[in-house]
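# Notes for the structure review
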Amino acid sequence: MRGTELGFGTRLGVNFGFNSGNSTFFRWQLDARSDYRIQHFYTFLVGNLERGTANDEIFLFRGFLHYRAIWQPDTLFQPEFFTQREFNDFILLKDRVLFGSGVRLNLRYLQPTDTVMAFKLTLGIGAMWEQERFTELNPETKLFRSTNYLAFLWRIVPRTSLQLIGYYQVDVNRFSDYRLLLDGLLAINITDKLAATVTMIYRYDNEPVQNVARFDLDLRNGFTYTF
């Protein structure tokens, strides 16, 4: 969980796994995030790249880049703008481009005290335009979606924090076409700069493209460095 200090903050993360026996498995992931905050304005850029091989065959290759800007006046409603670019061979996605805007509502925020650690609950409501290109026989799609999220951020103790963000994204013209996404991050600081992390990513698509399962769950661990 990033604090409320002004200026720039950057975080880099890496994790990997290797197994050798009857088969050889190798997987690596790189994460990066930069935040910038001034009075009444907050923006961040986050990116991810991941690749996995089994017996020299690629079974996982995906990445994304997401930018978000938030105007933070001293009111309940805070306007925001976002854009994203991603690919994911695991779900046959060659390219997804989206941009949108909305408002976020800070439902609950507690500053750290002697008895209570930082706690924040945020609701986001918005809309986005999305273009997707898939491999094989799946067509290109262009549509508007309603995109909504609920974010829970909690610094449990000074060196341990938990972040959970749930998304609900639905085609505004056909409500049977929707996605549910859940991102979770548990970070335990080893030093002021270095943290061990456990990450969970869950995806459910009610109308996936051909040859793709409706849901998948990804659990991983690694390290992040903040400077």
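Residues numbered from 1 in each chain as written. Predicted model: local features only at pLDDT ≥ 70, side-chain atom pairs only at ≥ 80, totals over all residues. Heavy atoms only, no water.

## With respect to the pairing of strand S10 (residues 174–189)
Inspection of the sheet shows strand S9 (residues 160–171) paired to S10 by twelve bridges, in the antiparallel sense. Along S10, the bridge assignment pairs leucine 164 with glycine 184. If you look at the hairpin formed by S9 and S10, you'll find two residues sitting between the two strands. (Pairing = 2+ DSSP bridges. Helix = DSSP H or I, 4+ residues; strand = E, 2+ residues; numbered from the N terminus.)

## What about a nonpolar patch on the surface?
Together, Val14, Phe16, Phe18, Phe26, Leu30 and Leu49 make up a nonpolar patch on the protein surface, roughly 590 Å² of accessible area in all. Elements with a minimum of two residues in the nonpolar patch: strand S1 (7–20) and strand S2 (24–38). Here the nonpolar patch takes three residues from S1, the largest share from any one element. In this structure, leucine 49 sits in strand S3 (residues 41–54). (Patch = residues over 30% accessible without salt bridge, like charges linked within 9 Å, V, L, I, M, F, W, Y side chains within 5 Å. Areas by Shrake-Rupley, 256 points an atom, 1.4 Å probe, with all protein chains shown as cover. Salt bridge = Lys/Arg side-chain N within 4 Å of Asp/Glu carboxyl O.)

## Remarks on the environment of arginine 174
If you trace the backbone, arginine 174 turns up in strand S10. The sequence separation of arginine 174 and arginine 145 amounts to 29 residues, and the corresponding C-alpha distance is 9.5 Å. Polar side-chain contacts of arginine 174 include one of 2.7 Å to the side chain of glutamate 207. (Polar contact = N/O pair within 3.5 Å; in protein donor to acceptor, adjacent residues only side chain to side chain.)

## Describing the sheet that holds S1
As summarised here, the arrangement of the twelve strands in space is S1-S2-S3-S4-S5-S6-S7-S8-S9-S10-S11-S12, forming a closed barrel in which the pairing is antiparallel. Averaged over all pairs of adjacent strands, the angle between strand axes in this sheet comes to 20°, irrespective of strand direction. Looking at chain direction, strand S5 (residues 77–88) and strand S6 (residues 93–110) are connected through eleven bridges and run antiparallel. What sits directly across from glutamate 86, in S6, is arginine 96. (Axes fitted to C-alpha atoms, helices over the stretch in contact; angles between N-to-C directions.)

## Looking at the side chain of asparagine 48
Among the secondary structure elements, asparagine 48 is positioned in strand S3. Side-chain polar atoms of asparagine 48 contact the side chain of aspartate 31, separated by 2.7 Å. When residues no more than four places from it in sequence are discounted, the contact partners of asparagine 48 are Gln29, Leu30, Asp31, Arg62, Gly63, Phe64 and Arg220. (Contact = heavy atoms within 4.5 Å.)

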